[in-house]
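Architecture and fold: a report
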Amino acid sequence: MNILVTGGAGFIGSHTLIELYQAGHTAVVVDNLSNSNPVALKRVAEILSIPAIPFYHVDIRDREGLEKVFAEHKFDACIHFAGLKAVGESVEKPWEYYENNIGGTLTLVDVMRMHGCKNIIFSSSATVYGDPAEIPITENCPKGQCTNPYGWTKSMLEQVLMDIQKADPGWNVVLLRYFNPVGAHPSGRIGENPNGIPNNLMPYITQVAVGKRKELGVFGNDYDTPDGTGVRDYIHVVDLAKAHVAALQCFSSKFQVPSSKSQPSTLNLKPSTIYNIGTGHGYSVLDMVKAFVRVNGADVPYSIKPRRAGDIATCYCNPAKAKAELGWEAKHGIDDMVRDSWNWQRNNPEGYPEP
Ligand code: NAD
Ligand code: WQD
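Rules used in this analysis
- Residues numbered from 1 in each chain as written.
- Chains lettered and ligands numbered in written order.
- Predicted model: local features only at pLDDT ≥ 70, side-chain atom pairs only at ≥ 80, totals over all residues.
- Heavy atoms only, no water.
- Near = heavy atom within 4 Å.
- Polar contact = N/O pair within 3.5 Å; in protein donor to acceptor, adjacent residues only side chain to side chain.
- Areas by Shrake-Rupley, 256 points an atom, 1.4 Å probe, with all protein chains shown as cover.
- Helix = DSSP H or I, 4+ residues; strand = E, 2+ residues; numbered from the N terminus.
- Pairing = 2+ DSSP bridges.
- Axes fitted to C-alpha atoms, helices over the stretch in contact; angles between N-to-C directions.
- Contact = heavy atoms within 4.5 Å.

Concerning the site of ligand 1
Surveying the vicinity of ligand 1 reveals 27 residues, the closest of which are Ile12, Asp31, Asn35, Ser36 and Tyr150. Within the side chain of Asp59, an N or O atom sits 3.0 Å from a nitrogen atom of ligand 1. When isolated, ligand 1 has an accessible area of 810 Å², and the protein chains bury 96% of it. Those elements giving two or more residues to the shell around ligand 1 turn out to be α1 (11–22), β5 (119–125) and α6 (149–167).

As for the sheet that holds β5
The strands that make up a sheet are held in pairs by hydrogen bonds between backbone atoms, and each pair lies either parallel or antiparallel. Strand order in the open sheet made by the seven strands is β3-β2-β1-β4-β5-β6-β11, with parallel pairing throughout. Looking at strand neighbours, the two that pair on one side only are β3 (55–57) and β11 (274–277), the edges of this open sheet. For this sheet the average axis-to-axis angle between neighbouring strands, irrespective of direction, equals 20°. Summarising the sheet, strand β1 (residues 2–6) and strand β4 (residues 77–80) pair through four bridges and their orientation is parallel. Along β4, the bridge assignment pairs Leu4 with Cys78. In the packing of helix α8 (residues 237–247) onto the sheet, the strands contacted are β4, β5, β6 (172–178) and β11, and the crossing angle to β6 comes to about 160°.

Quick look at the site of ligand 2
Around ligand 2 lies a shell of 19 residues, among which Tyr150, Leu201, Gly217, Arg232 and Asp311 are the nearest. Tyr150 places a polar side-chain atom, nitrogen or oxygen, 2.6 Å from an oxygen atom of ligand 2. Contact between ligand 2 and Gly217: a nitrogen atom at 2.7 Å from a main-chain N or O atom of the residue. Protein burial of ligand 2: of its 680 Å² of free accessible surface, 87% is covered by the chains. Counting only elements with at least two residues in the shell around ligand 2, the list comes to α7 (201–209) and β8 (216–219). Here the shell around ligand 2 takes four residues from β8, the largest share from any one element.

This is the structure:
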(Lines give C-alpha, C1' and ligand atoms only; values in the text may rest on other atoms or scores of the structure.)
(Ligands and ions follow the chains in the order given, each with its own letter.)
Protein backbone atom coordinates (compact mmCIF):
# COMPACT_ATOMS: atom_id res chain seq x y z
CA MET A 1 0.00 0.00 0.00
CA ASN A 2 1.01 3.64 -0.37
CA ILE A 3 0.50 5.31 3.00
CA LEU A 4 0.22 8.95 4.02
CA VAL A 5 2.05 9.23 7.34
CA THR A 6 1.22 12.45 9.17
CA GLY A 7 3.70 13.29 11.91
CA GLY A 8 6.14 10.85 10.30
CA ALA A 9 9.24 12.75 11.44
CA GLY A 10 8.29 12.21 15.10
CA PHE A 11 9.23 9.46 17.53
CA ILE A 12 6.64 6.81 16.68
CA GLY A 13 6.18 7.92 13.07
CA SER A 14 9.88 7.55 12.18
CA HIS A 15 9.99 4.02 13.61
CA THR A 16 6.78 3.11 11.80
CA LEU A 17 8.24 4.21 8.45
CA ILE A 18 10.95 1.58 8.81
CA GLU A 19 8.47 -1.19 9.51
CA LEU A 20 6.20 -0.06 6.65
CA TYR A 21 8.98 -0.13 4.07
CA GLN A 22 10.38 -3.40 5.41
CA ALA A 23 6.91 -4.94 4.99
CA GLY A 24 6.83 -3.82 1.34
CA HIS A 25 4.73 -0.64 1.69
CA THR A 26 5.67 2.87 0.61
CA ALA A 27 4.97 6.12 2.44
CA VAL A 28 4.79 9.87 2.07
CA VAL A 29 5.36 12.00 5.18
CA VAL A 30 3.54 15.20 6.06
CA ASP A 31 4.93 16.98 9.11
CA ASN A 32 5.17 20.61 10.23
CA LEU A 33 8.33 19.78 12.23
CA SER A 34 6.88 21.51 15.31
CA ASN A 35 8.24 18.69 17.48
CA SER A 36 10.67 16.90 15.21
CA ASN A 37 13.76 17.17 13.07
CA PRO A 38 14.08 16.22 9.39
CA VAL A 39 17.37 14.46 10.21
CA ALA A 40 15.17 11.63 11.56
CA LEU A 41 13.80 11.08 8.05
CA LYS A 42 17.31 11.12 6.57
CA ARG A 43 18.34 8.44 9.05
CA VAL A 44 15.24 6.36 8.32
CA ALA A 45 16.23 6.39 4.63
CA GLU A 46 19.81 5.39 5.56
CA ILE A 47 18.56 2.47 7.68
CA LEU A 48 16.38 1.36 4.79
CA SER A 49 19.14 1.96 2.19
CA ILE A 50 16.82 4.05 0.04
CA PRO A 51 17.59 7.52 -1.34
CA ALA A 52 14.94 9.40 0.68
CA ILE A 53 11.50 9.25 2.26
CA PRO A 54 9.12 11.53 0.32
CA PHE A 55 8.48 14.45 2.67
CA TYR A 56 6.23 17.53 2.67
CA HIS A 57 6.85 20.26 5.23
CA VAL A 58 3.13 20.88 5.61
CA ASP A 59 0.83 21.50 8.54
CA ILE A 60 -2.28 19.30 8.60
CA ARG A 61 -4.35 22.43 9.30
CA ASP A 62 -3.19 23.81 5.94
CA ARG A 63 -5.87 22.63 3.52
CA GLU A 64 -4.09 23.93 0.42
CA GLY A 65 -0.85 22.27 1.46
CA LEU A 66 -2.64 18.95 1.95
CA GLU A 67 -4.46 19.34 -1.37
CA LYS A 68 -1.09 19.63 -3.11
CA VAL A 69 0.11 16.41 -1.47
CA PHE A 70 -3.05 14.54 -2.50
CA ALA A 71 -2.79 15.96 -6.04
CA GLU A 72 0.69 14.46 -6.35
CA HIS A 73 0.07 11.07 -4.72
CA LYS A 74 -2.60 8.44 -4.51
CA PHE A 75 -2.96 6.96 -1.04
CA ASP A 76 -4.49 3.68 0.08
CA ALA A 77 -4.56 4.76 3.72
CA CYS A 78 -3.38 7.32 6.23
CA ILE A 79 -1.56 6.63 9.48
CA HIS A 80 -2.26 9.75 11.47
CA PHE A 81 0.37 10.54 14.12
CA ALA A 82 0.46 14.34 13.77
CA GLY A 83 -0.51 16.10 16.97
CA LEU A 84 0.76 17.86 20.04
CA LYS A 85 1.34 15.47 22.94
CA ALA A 86 2.75 17.21 26.02
CA VAL A 87 0.27 16.67 28.85
CA GLY A 88 1.44 19.57 31.06
CA GLU A 89 1.67 22.01 28.16
CA SER A 90 -1.89 21.12 27.16
CA VAL A 91 -3.10 22.33 30.57
CA GLU A 92 -1.33 25.67 29.98
CA LYS A 93 -2.39 25.97 26.34
CA PRO A 94 -5.73 24.20 25.89
CA TRP A 95 -6.79 26.28 22.87
CA GLU A 96 -3.59 25.41 21.02
CA TYR A 97 -4.10 21.70 21.72
CA TYR A 98 -7.75 21.59 20.66
CA GLU A 99 -7.04 23.71 17.59
CA ASN A 100 -4.00 21.72 16.46
CA ASN A 101 -5.17 18.20 17.25
CA ILE A 102 -8.88 18.48 16.55
CA GLY A 103 -8.78 21.24 13.93
CA GLY A 104 -5.91 19.49 12.13
CA THR A 105 -7.63 16.12 12.11
CA LEU A 106 -10.91 17.59 10.81
CA THR A 107 -9.08 19.24 7.90
CA LEU A 108 -7.08 16.10 7.17
CA VAL A 109 -10.14 13.86 7.15
CA ASP A 110 -12.03 16.28 4.90
CA VAL A 111 -9.23 16.37 2.34
CA MET A 112 -8.92 12.57 2.55
CA ARG A 113 -12.60 12.03 1.73
CA MET A 114 -12.50 14.57 -1.12
CA HIS A 115 -9.77 12.41 -2.64
CA GLY A 116 -11.50 9.08 -1.97
CA CYS A 117 -9.06 7.92 0.71
CA LYS A 118 -11.21 6.69 3.58
CA ASN A 119 -8.87 4.37 5.48
CA ILE A 120 -7.29 5.82 8.61
CA ILE A 121 -5.31 4.51 11.57
CA PHE A 122 -5.44 7.01 14.41
CA SER A 123 -2.91 7.33 17.26
CA SER A 124 -5.06 7.15 20.33
CA SER A 125 -3.89 6.62 23.87
CA ALA A 126 -4.53 4.70 27.07
CA THR A 127 -5.28 8.12 28.51
CA VAL A 128 -8.85 7.81 27.14
CA TYR A 129 -9.58 5.23 29.88
CA GLY A 130 -8.98 7.89 32.57
CA ASP A 131 -8.62 6.11 35.91
CA PRO A 132 -9.51 2.73 34.43
CA ALA A 133 -12.55 0.87 35.67
CA GLU A 134 -10.75 -2.49 35.31
CA ILE A 135 -7.18 -3.81 35.28
CA PRO A 136 -5.95 -5.24 32.97
CA ILE A 137 -7.78 -2.87 30.64
CA THR A 138 -9.68 -4.45 27.76
CA GLU A 139 -11.22 -2.49 24.89
CA ASN A 140 -14.62 -3.00 26.56
CA CYS A 141 -13.52 -0.92 29.53
CA PRO A 142 -15.54 2.32 29.44
CA LYS A 143 -13.75 5.51 28.51
CA GLY A 144 -13.14 7.73 31.52
CA GLN A 145 -12.56 11.31 32.58
CA CYS A 146 -9.32 12.64 31.15
CA THR A 147 -7.29 14.82 33.49
CA ASN A 148 -5.94 17.20 30.82
CA PRO A 149 -6.86 18.77 27.44
CA TYR A 150 -4.38 16.54 25.56
CA GLY A 151 -6.26 13.46 26.74
CA TRP A 152 -9.58 15.02 25.80
CA THR A 153 -8.34 15.66 22.24
CA LYS A 154 -7.72 11.92 21.91
CA SER A 155 -11.05 10.99 23.46
CA MET A 156 -12.95 13.50 21.31
CA LEU A 157 -11.16 12.54 18.11
CA GLU A 158 -12.03 8.89 18.68
CA GLN A 159 -15.68 9.95 18.81
CA VAL A 160 -15.36 12.18 15.73
CA LEU A 161 -13.80 9.38 13.68
CA MET A 162 -16.30 6.76 14.84
CA ASP A 163 -19.21 9.06 13.98
CA ILE A 164 -17.73 9.66 10.52
CA GLN A 165 -17.42 5.90 9.96
CA LYS A 166 -20.99 5.37 11.18
CA ALA A 167 -22.39 7.98 8.80
CA ASP A 168 -20.38 6.74 5.81
CA PRO A 169 -19.60 3.01 5.81
CA GLY A 170 -17.05 3.72 3.08
CA TRP A 171 -14.73 4.76 5.91
CA ASN A 172 -12.55 2.27 7.77
CA VAL A 173 -11.34 3.74 11.04
CA VAL A 174 -8.85 1.95 13.27
CA LEU A 175 -8.15 3.42 16.69
CA LEU A 176 -4.92 2.20 18.27
CA ARG A 177 -4.73 2.98 21.97
CA TYR A 178 -1.04 3.04 22.78
CA PHE A 179 0.13 2.42 26.31
CA ASN A 180 3.61 3.79 27.21
CA PRO A 181 6.00 3.76 24.22
CA VAL A 182 9.72 3.60 25.05
CA GLY A 183 12.90 2.22 23.46
CA ALA A 184 14.38 3.04 20.10
CA HIS A 185 15.43 1.39 16.86
CA PRO A 186 18.26 -1.08 17.64
CA SER A 187 20.56 0.79 15.24
CA GLY A 188 20.66 3.66 17.76
CA ARG A 189 20.16 6.09 14.84
CA ILE A 190 16.60 7.19 15.62
CA GLY A 191 14.83 7.60 18.93
CA GLU A 192 12.84 9.89 21.20
CA ASN A 193 14.08 13.49 21.11
CA PRO A 194 12.08 15.55 23.58
CA ASN A 195 12.35 19.33 23.64
CA GLY A 196 13.52 20.72 26.98
CA ILE A 197 12.87 18.86 30.22
CA PRO A 198 11.33 15.46 29.45
CA ASN A 199 7.83 14.81 30.81
CA ASN A 200 8.00 11.07 30.38
CA LEU A 201 9.86 8.60 32.54
CA MET A 202 12.20 6.88 30.08
CA PRO A 203 13.74 9.97 28.46
CA TYR A 204 14.21 11.41 31.95
CA ILE A 205 16.06 8.25 33.05
CA THR A 206 18.31 8.30 29.97
CA GLN A 207 19.11 12.00 30.43
CA VAL A 208 20.09 11.38 34.05
CA ALA A 209 22.23 8.41 33.00
CA VAL A 210 24.01 10.47 30.33
CA GLY A 211 24.70 13.26 32.83
CA LYS A 212 22.35 15.91 31.43
CA ARG A 213 20.20 15.90 34.59
CA LYS A 214 21.24 15.38 38.19
CA GLU A 215 18.67 12.91 39.42
CA LEU A 216 15.31 11.39 38.61
CA GLY A 217 12.36 12.52 40.70
CA VAL A 218 10.12 9.51 41.39
CA PHE A 219 6.62 10.91 41.60
CA GLY A 220 5.18 9.22 44.69
CA ASN A 221 5.97 5.95 46.50
CA ASP A 222 2.70 5.65 48.38
CA TYR A 223 0.48 4.27 45.62
CA ASP A 224 -1.37 1.01 46.11
CA THR A 225 1.17 -0.93 44.00
CA PRO A 226 3.76 -3.58 44.95
CA ASP A 227 6.54 -1.03 45.62
CA GLY A 228 4.38 2.08 45.99
CA THR A 229 5.43 3.67 42.68
CA GLY A 230 3.22 4.01 39.59
CA VAL A 231 2.77 0.96 37.36
CA ARG A 232 2.55 1.27 33.55
CA ASP A 233 2.50 -0.90 30.44
CA TYR A 234 5.74 0.11 28.68
CA ILE A 235 5.94 -1.00 25.07
CA HIS A 236 8.98 -1.01 22.78
CA VAL A 237 8.48 1.48 19.96
CA VAL A 238 9.48 -1.12 17.35
CA ASP A 239 6.65 -3.39 18.54
CA LEU A 240 4.31 -0.41 18.46
CA ALA A 241 5.45 0.45 14.93
CA LYS A 242 4.75 -3.14 13.80
CA ALA A 243 1.22 -2.87 15.23
CA HIS A 244 0.50 -0.23 12.58
CA VAL A 245 1.65 -2.53 9.80
CA ALA A 246 -0.56 -5.29 11.24
CA ALA A 247 -3.52 -2.90 11.45
CA LEU A 248 -3.29 -2.14 7.72
CA GLN A 249 -4.86 -5.54 7.08
CA CYS A 250 -8.14 -4.06 8.39
CA PHE A 251 -8.33 -2.20 5.08
CA SER A 252 -8.13 -5.32 2.95
CA SER A 253 -11.43 -6.63 1.61
CA LYS A 254 -10.26 -10.09 2.71
CA PHE A 255 -9.88 -9.07 6.36
CA GLN A 256 -11.95 -11.19 8.70
CA VAL A 257 -12.20 -10.98 12.42
CA PRO A 258 -11.46 -14.51 13.67
CA SER A 259 -14.45 -16.11 15.30
CA SER A 260 -14.93 -15.34 18.94
CA LYS A 261 -17.80 -15.61 21.37
CA SER A 262 -18.74 -11.96 20.95
CA GLN A 263 -18.11 -11.74 17.23
CA PRO A 264 -18.83 -14.76 15.03
CA SER A 265 -16.73 -14.94 11.87
CA THR A 266 -18.60 -13.79 8.78
CA LEU A 267 -17.37 -12.77 5.37
CA ASN A 268 -17.06 -9.03 4.72
CA LEU A 269 -17.43 -8.19 8.39
CA LYS A 270 -16.67 -4.56 9.12
CA PRO A 271 -13.39 -4.57 11.01
CA SER A 272 -13.46 -3.90 14.71
CA THR A 273 -11.99 -0.50 15.21
CA ILE A 274 -10.34 -0.31 18.60
CA TYR A 275 -7.19 -2.07 19.77
CA ASN A 276 -5.12 -1.75 22.92
CA ILE A 277 -1.45 -1.72 21.98
CA GLY A 278 0.61 -2.71 24.98
CA THR A 279 2.44 -5.75 26.33
CA GLY A 280 -0.01 -6.67 29.08
CA HIS A 281 2.75 -6.39 31.70
CA GLY A 282 2.82 -3.68 34.34
CA TYR A 283 6.17 -2.35 35.57
CA SER A 284 6.68 0.20 38.34
CA VAL A 285 8.90 3.27 38.12
CA LEU A 286 11.48 1.53 40.31
CA ASP A 287 11.28 -1.65 38.17
CA MET A 288 12.24 0.50 35.18
CA VAL A 289 15.09 2.23 37.01
CA LYS A 290 16.46 -1.06 38.35
CA ALA A 291 16.25 -2.77 34.93
CA PHE A 292 18.01 0.20 33.33
CA VAL A 293 20.87 0.07 35.85
CA ARG A 294 21.17 -3.74 35.68
CA VAL A 295 21.16 -4.02 31.87
CA ASN A 296 23.21 -0.93 31.04
CA GLY A 297 25.52 -0.68 34.01
CA ALA A 298 24.73 3.03 34.15
CA ASP A 299 24.07 5.08 37.26
CA VAL A 300 20.57 6.57 37.77
CA PRO A 301 20.37 8.52 41.04
CA TYR A 302 16.82 9.18 42.14
CA SER A 303 14.84 10.63 45.00
CA ILE A 304 11.20 10.31 45.97
CA LYS A 305 9.08 13.37 45.21
CA PRO A 306 5.40 14.12 45.81
CA ARG A 307 2.83 12.54 43.49
CA ARG A 308 2.35 14.30 40.12
CA ALA A 309 -1.13 15.80 39.63
CA GLY A 310 -3.34 13.69 37.39
CA ASP A 311 -1.29 10.47 37.71
CA ILE A 312 -3.01 7.16 38.40
CA ALA A 313 -1.58 4.21 40.34
CA THR A 314 -1.79 1.43 37.77
CA CYS A 315 -2.39 1.19 34.04
CA TYR A 316 -1.76 -1.88 31.92
CA CYS A 317 -3.76 -3.60 29.26
CA ASN A 318 -5.01 -6.91 28.06
CA PRO A 319 -3.67 -6.96 24.48
CA ALA A 320 -5.49 -10.20 23.52
CA LYS A 321 -7.79 -8.56 20.98
CA ALA A 322 -4.91 -7.29 18.84
CA LYS A 323 -3.37 -10.76 18.93
CA ALA A 324 -6.59 -12.56 18.02
CA GLU A 325 -7.70 -10.20 15.26
CA LEU A 326 -4.48 -8.70 13.88
CA GLY A 327 -2.05 -11.49 14.75
CA TRP A 328 0.11 -8.85 16.47
CA GLU A 329 1.76 -9.08 19.86
CA ALA A 330 4.68 -7.32 21.49
CA LYS A 331 7.92 -9.29 21.29
CA HIS A 332 10.34 -7.04 23.18
CA GLY A 333 10.73 -7.25 26.94
CA ILE A 334 11.82 -4.74 29.54
CA ASP A 335 15.54 -5.49 29.00
CA ASP A 336 15.25 -4.69 25.28
CA MET A 337 13.40 -1.47 26.10
CA VAL A 338 16.00 -0.13 28.54
CA ARG A 339 18.93 -1.30 26.36
CA ASP A 340 17.66 0.38 23.19
CA SER A 341 16.62 3.58 24.99
CA TRP A 342 20.14 3.86 26.36
CA ASN A 343 21.78 2.94 23.05
CA TRP A 344 19.95 5.87 21.39
CA GLN A 345 20.70 8.38 24.18
CA ARG A 346 24.35 7.37 24.55
CA ASN A 347 24.97 7.68 20.80
CA ASN A 348 23.02 10.95 20.53
CA PRO A 349 23.44 12.78 23.85
CA GLU A 350 22.13 16.01 22.30
CA GLY A 351 19.43 14.30 20.21
CA TYR A 352 19.43 14.96 16.48
CA PRO A 353 21.90 17.52 15.09
CA GLU A 354 20.71 20.69 13.36
CA PRO A 355 19.59 19.79 9.84
P1 NAD B 1 6.01 13.31 18.30
O2 NAD B 1 5.78 14.67 18.83
O3 NAD B 1 7.39 12.79 18.29
O4 NAD B 1 5.40 13.18 16.82
C5 NAD B 1 4.29 13.92 16.41
C6 NAD B 1 4.66 14.61 15.10
O7 NAD B 1 3.55 15.38 14.64
C8 NAD B 1 5.85 15.58 15.24
O9 NAD B 1 6.80 15.26 14.26
C10 NAD B 1 5.23 16.95 15.02
O11 NAD B 1 6.14 17.83 14.40
C12 NAD B 1 4.04 16.61 14.14
N13 NAD B 1 2.93 17.56 14.18
C14 NAD B 1 2.30 18.08 15.27
N15 NAD B 1 1.30 18.89 14.90
C16 NAD B 1 1.29 18.88 13.54
C17 NAD B 1 0.50 19.55 12.57
N18 NAD B 1 -0.47 20.38 12.90
N19 NAD B 1 0.75 19.30 11.26
C20 NAD B 1 1.74 18.46 10.89
N21 NAD B 1 2.54 17.84 11.76
C22 NAD B 1 2.31 18.04 13.08
O23 NAD B 1 5.06 12.32 19.12
P24 NAD B 1 4.99 10.73 19.12
O25 NAD B 1 5.40 10.28 20.47
O26 NAD B 1 5.66 10.16 17.93
O27 NAD B 1 3.43 10.54 19.03
C28 NAD B 1 2.77 10.29 17.81
C29 NAD B 1 1.28 10.23 18.06
O30 NAD B 1 1.00 9.22 19.03
C31 NAD B 1 0.71 11.53 18.64
O32 NAD B 1 -0.57 11.74 18.08
C33 NAD B 1 0.61 11.22 20.12
O34 NAD B 1 -0.40 11.99 20.73
C35 NAD B 1 0.25 9.75 20.09
N36 NAD B 1 0.60 9.06 21.34
C37 NAD B 1 1.87 9.16 21.81
C38 NAD B 1 2.21 8.53 23.01
C39 NAD B 1 3.58 8.68 23.60
O40 NAD B 1 3.73 8.48 24.80
N41 NAD B 1 4.62 8.99 22.82
C42 NAD B 1 1.25 7.74 23.68
C43 NAD B 1 -0.03 7.64 23.14
C44 NAD B 1 -0.34 8.31 21.96
C1 WQD C 1 5.14 7.02 33.79
C2 WQD C 1 5.32 6.80 35.28
C3 WQD C 1 4.97 8.79 36.58
C4 WQD C 1 8.41 10.98 35.00
C5 WQD C 1 1.90 9.82 29.60
C6 WQD C 1 0.63 10.47 29.14
C7 WQD C 1 -0.17 9.53 28.32
C8 WQD C 1 0.66 8.91 27.21
C9 WQD C 1 1.96 8.38 27.69
C10 WQD C 1 0.34 10.13 25.21
C11 WQD C 1 4.27 7.50 36.15
C12 WQD C 1 6.42 8.33 36.69
C13 WQD C 1 7.47 10.01 35.25
C14 WQD C 1 9.33 11.32 36.05
C15 WQD C 1 8.29 9.69 37.46
N16 WQD C 1 1.03 9.88 26.23
N17 WQD C 1 7.41 9.38 36.46
N18 WQD C 1 9.23 10.65 37.21
O19 WQD C 1 1.98 9.55 32.72
O20 WQD C 1 1.82 7.06 32.21
O21 WQD C 1 1.55 8.69 30.39
O22 WQD C 1 2.64 9.37 28.47
O23 WQD C 1 -0.75 9.75 24.95
O24 WQD C 1 -1.24 10.26 27.83
O25 WQD C 1 -0.10 10.90 30.28
O26 WQD C 1 3.78 8.38 31.36
O27 WQD C 1 6.23 8.44 31.30
O28 WQD C 1 4.98 10.47 32.14
O29 WQD C 1 5.02 8.42 33.53
O30 WQD C 1 8.24 9.12 38.54
O31 WQD C 1 10.19 12.22 35.88
O32 WQD C 1 6.58 7.38 35.67
O33 WQD C 1 4.51 9.29 37.80
O34 WQD C 1 4.02 6.69 37.25
P35 WQD C 1 2.22 8.43 31.81
P36 WQD C 1 5.07 8.99 32.02
